[in-house]
Amino acid sequence: DVTTATGVGHLQKGHAVSFSDIDNDGDQDILMSMGGAYQGDIFQNAFFENPYQDENHWISIKLIGRQSNRSAIGTRLVFTLEDDVEERKIYREVTSGGSFGASTLRVEVGLGKVEVIKKLEIYWPNSEAQTFTQLVPNAFYTLHEGDTDIHLAKLKMLHFKPSSHDLISVP
């Protein structure tokens, strides 16, 4: 339990937790919808920017369906990684993660120390599977269903200023 150490604990009642790379820096941030469902039972929402930066790698992919649904929900991805020790696979599916606290539809994957993604297989719900090789980590990609190329996306990194309402400062 790292609630206290990270400063993300709240005594208020909350209704949703979402995990996403909100500031486009490659790590997962947290957005919590606080308060209740009744008038007067409210509290400010909470945003926790992940301050941790290290030498680990990541990849982020936005899929856009054509034959399948535009949001690519239900699309399955298999990442094949190879490092000095072994080959391993990471499995993901495009989904919001739930009703309350739905997360981004962008697929965000931590890769550890891996320098190159050996293979990415994409299984669309309503069309042929696609395979891409030798993808470079620490990048945002966009792919339209059926395209033969996966494109590097230029996303601007966002910087948030702390407000005067911040109660906890996380180093």
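Parameters and conventions
- Residues numbered from 1 in each chain as written.
- Predicted model: local features only at pLDDT ≥ 70, side-chain atom pairs only at ≥ 80, totals over all residues.
- Heavy atoms only, no water.
- Pairing = 2+ DSSP bridges.
- Helix = DSSP H or I, 4+ residues; strand = E, 2+ residues; numbered from the N terminus.
- Axes fitted to C-alpha atoms, helices over the stretch in contact; angles between N-to-C directions.
- Salt bridge = Lys/Arg side-chain N within 4 Å of Asp/Glu carboxyl O.
- Buried < 20%, exposed > 50% of the residue type's maximum accessible area, 1.4 Å probe, protein only.
- Phe/Tyr/Trp six-rings, centres within 6.5 Å; stacked < 30°, edge-to-face > 60°.
- pLDDT = per-residue confidence, 0-100.
- Contact = heavy atoms within 4.5 Å.

## Looking at the sheet that holds strand β6 (residues 87-93)
Reasoning step 1: In space, the four strands of this open sheet follow the order β6-β5-β8-β9, with antiparallel pairing throughout. The open sheet is flanked by β6 and β9 (130-135), the only strands paired with a single partner. On average, each strand axis in the sheet is tilted by 15 degrees relative to the strand beside it, whichever way the strands run.
Reasoning step 2: Sheet topology places strand β5 (residues 76-82) next to β6; seven bridges connect them, and they run antiparallel.

## Details of the pattern of salt bridges
Reasoning step 1: What the rule picks out here adds up to five salt bridges.
Reasoning step 2: For Glu55, the salt bridge goes to Lys113, with nearest N and O atoms at 2.8 Å. Taken together, the positions of Glu55 in the loop between β3 (46-48) and β4 (57-64) and Lys113 in the loop between β7 (107-112) and β8 (117-123) put the pair 58 residues apart, joining distant regions of the chain.
Reasoning step 3: Given the relative accessible area of 53%, Glu55 is considered exposed.
Reasoning step 4: Its salt-bridge partner being Asp147, residue Arg66 comes within 2.7 Å of it at the nearest N-O pair. Separated by 81 residues along the polypeptide, Arg66 in the loop between β4 and β5 and Asp147 in the loop between β10 (139-144) and β11 (151-153) bring together distant segments of the chain.
Reasoning step 5: We classify Arg66 as exposed; its relative accessible area is 52%.
Reasoning step 6: Salt bridges sharing common partners tie together Glu82, Glu87 and Lys118.

## Quick word on the packing of aromatic side chains
Reasoning step 1: Counted according to the given criterion, the structure contains one aromatic pair.
Reasoning step 2: With a centroid separation of 4.9 Å and 55 degrees between ring planes, the pair formed by Trp58 and Phe140 is classed as tilted. With Trp58 in strand β4 and Phe140 in strand β10, this pair connects stretches of sequence that are 82 residues apart.
Reasoning step 3: Relative accessible area serves as the criterion here: at 15%, Trp58 is assigned to the buried category.

## Focus: the confidence of the model for the protein chain
Reasoning step 1: Across the protein chain, the average pLDDT comes to 84, with 91% of residues at 70 or higher.
Reasoning step 2: Looking over the protein chain, one finds the lowest element-wise mean pLDDT in helix α1 (residues 3-6), namely 78, and the highest in β8, namely 96.
Reasoning step 3: Note that pLDDT drops below 50 for residues 167-171; the model gives that stretch five contacts with residues more than four away or on any other chain.

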